[in-house]
Amino acid sequence: MRKDGKINHLIDGVLKFQREVFPNDRQLYRDLASGQAPQTMFIGCSDSRVVPELVTQQGPGGLFVVRNAGNIIPPEGPEPGGVTASIEYAVSVLGVKDIVVCGHTGCGAMTALANGIDKLGGTPAVARWLHYADDALQSIQEMSFANEQARVDALVHENVLTQLDNLLTHPPVKKAMDAGVLRLHGWVYELATGGVQTYDAEVRRFVAISSAPSASATPSSGQHAKAVD
C-alpha cells in the first residue's frame, strides 16, 4: 500500500494499532463499544507535550478529556460552547466523580498572556480566548519575580485556580458538589521532570502530588487562595 505525504507516520501508527494493539485487548474494545463510564474528567492544555492518558497511566475509557489552548474553562453563560457542553455531559450524564484541571510548565498560551495579548495580532481568536485567564494575570501583576520564566510559572499556577473558579460557575458542577458527589483537583504538570503539583485546599497552596495524593482543590469557602505569595 502506497502512502504519500507527511501523515505517513500516523497511518503507520493506525496500522500497527490494528495489527498489534487491538487484538490484545479485543474484549475491552468490545465492552467500550456499548458505552463509557469514566470516573474522571480531565481538562488540560492542547500542547502536544502533555498527554493525559500517559501522565495518569489510564487506558481507553478511563478519562473524559477536554483539551484547549491554556486549559481554559469559560464561566457559565448564555452561549453553550464546547467546554461548557462537555462539562455538563460529564457531570450530568456520565456522573464523573472527579474533575482535574491541569496546567503545565512552559505553556505557550500562558507565555503569550504574560507577554501581552495585544502582541497576538495574527491570532485574534487566541487573544479573545485568553481573556478568560485575565483574573490569573491580574493576580500576579504586583508581584516581583527573579526572571520571566518564574513569572510565567506563577501565571500557570494562578491560571489553574482561575479556571477552577470558572468551573464553579457551572450549575451542574455546583449541584454535584452541593450533593457531595464531585471533587475538584488543580494540577500543574512539570514537563522537564514528570512531576505533578496538586492544589491542596486545606493548606491553600500547591504541593507535590507524591507527598499529598489525597489532596483536593474542592473549596471549603467557595474561594481559592493565591498560588504564589
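The structure we're discussing is the one just above.
These lines cover the structure that appears in this document, whether it is placed above or below. (Residues numbered from 1 in each chain as written. Predicted model: local features only at pLDDT ≥ 70, side-chain atom pairs only at ≥ 80, totals over all residues. Heavy atoms only, no water.)

1. A word on unusual backbone geometry
Point 1. Although it is not a glycine, glutamine 57 adopts a positive phi angle of roughly 55 degrees.
Point 2. Assignment of secondary structure puts glutamine 57 in the loop between helix H3 (52-56) and strand S2 (63-68).
Point 3. With relative accessibility at 62%, the residue glutamine 57 sits in the exposed group. (Helix = DSSP H or I, 4+ residues; strand = E, 2+ residues; numbered from the N terminus. Buried < 20%, exposed > 50% of the residue type's maximum accessible area, 1.4 Å probe, protein only.)

2. Points about the packing of aromatic side chains
Point 1. Scanning the model with the defined rule gives seven aromatic pairs in all.
Point 2. When the ring of phenylalanine 64 is compared with that of tyrosine 89, the centres are 6.0 Å apart and the planes differ by 35 degrees; the resulting orientation is tilted. Of this pair, phenylalanine 64 sits in strand S2 while tyrosine 89 is found in helix H4 (residues 81-94), placing the two residues 25 residues apart along the sequence.
Point 3. On the basis of relative accessibility, which here comes to 37%, the residue tyrosine 89 falls in the partly exposed class.
Point 4. Between tryptophan 129 and tyrosine 132, the ring centres sit 5.6 Å apart and the planes meet at 80 degrees, which makes this aromatic pair edge-to-face. (Phe/Tyr/Trp six-rings, centres within 6.5 Å; stacked < 30°, edge-to-face > 60°.)

3. Brief notes about the sheet that holds strand S4 (residues 183-189)
Point 1. Pairing within the open sheet is mixed, and its six strands lie in the order S2-S1-S3-S4-S5-S6. Of all the strands in the sheet, just S2 and strand S6 (205-208) have a single pairing partner and so form its edges. Taken over all neighbouring pairs, the strand axes of this sheet differ in orientation by 25 degrees on average, direction set aside.
Point 2. Sheet analysis places strand S3 (residues 98-104) next to S4, joined by seven bridges and oriented parallel. From the neighbouring strand, valine 101 faces S4, where its bridge partner is glycine 186.
Point 3. Taken strand by strand, helix H8 (residues 148-167) contacts S3, S4, strand S5 (196-200) and S6, and its axis lies near 160 degrees from that of S4. (Pairing = 2+ DSSP bridges. Axes fitted to C-alpha atoms, helices over the stretch in contact; angles between N-to-C directions. Contact = heavy atoms within 4.5 Å.)

4. Describing the environment of alanine 150
Point 1. Among the structural elements, alanine 150 can be located in helix H8.
Point 2. Looking at alanine 150, the relative accessible area reads 27%, which means it is partly exposed.
Point 3. Each C-alpha atom of the pair alanine 150 and histidine 131 lies 21 Å from the other, and the pair is 19 residues apart in sequence.

5. A word on the pairing of S4
Point 1. Counting buried residues in S4 gives six out of seven residues, a clear majority hidden from the surface.
Point 2. Pairing between S4 and S5: three bridges, direction antiparallel. Residue pairing for S5: tryptophan 187 is matched across the bridge by threonine 198.
Point 3. Connecting S4 to the antiparallel partner S5 that follows it, the hairpin turn spans six residues, and glycine 194 within it adopts a positive phi of roughly 80 degrees.

6. Remarks on the state of the cysteines
Joining two cysteines, a disulfide is a covalent bond between their sulfur atoms.
Point 1. A full pass over the atoms with the stated rule returns zero disulfides.
Point 2. Unpaired in this structure, cysteine 102 has its nearest cysteine sulfur neighbour in cysteine 45, at a distance of 9.2 Å.
Point 3. The exposure class of cysteine 102 is buried, given its relative accessible area of 4%.
Point 4. Unpaired in this structure, cysteine 107 has its nearest cysteine sulfur neighbour in cysteine 45, at a distance of 4.2 Å.
Point 5. Looking at cysteine 107, the relative accessible area reads 0%, which means it is buried. (Disulfide = S-S within 2.5 Å.)

7. A word on the packing of H4 against helix H9 (residues 171-178)
Point 1. It is the contact of H4 with H9, at a shortest axis distance of 9 Å, that shows an interaxial angle of 30 degrees. Between H4 and H9, the angle is such that the two are roughly parallel. Seen along the crossing, H4 lies across H9 with a hand that is left-handed. Listed contacts from H9 to Ile87, Glu88, Val91 and Ser92 of H4 are Pro172, Val173 and Ala176.
Point 2. When the residues that make up the contact of H4 with H9 are grouped by side-chain class, the tally is five nonpolar, one polar and one charged. (Parallel < 35°, antiparallel > 145°, perpendicular 65-115°, else oblique. Left-handed = near helix turned anticlockwise from the far one by under 90°. Nonpolar A, V, L, I, M, F, W, Y, C, P; charged D, E, K, R; others polar.)

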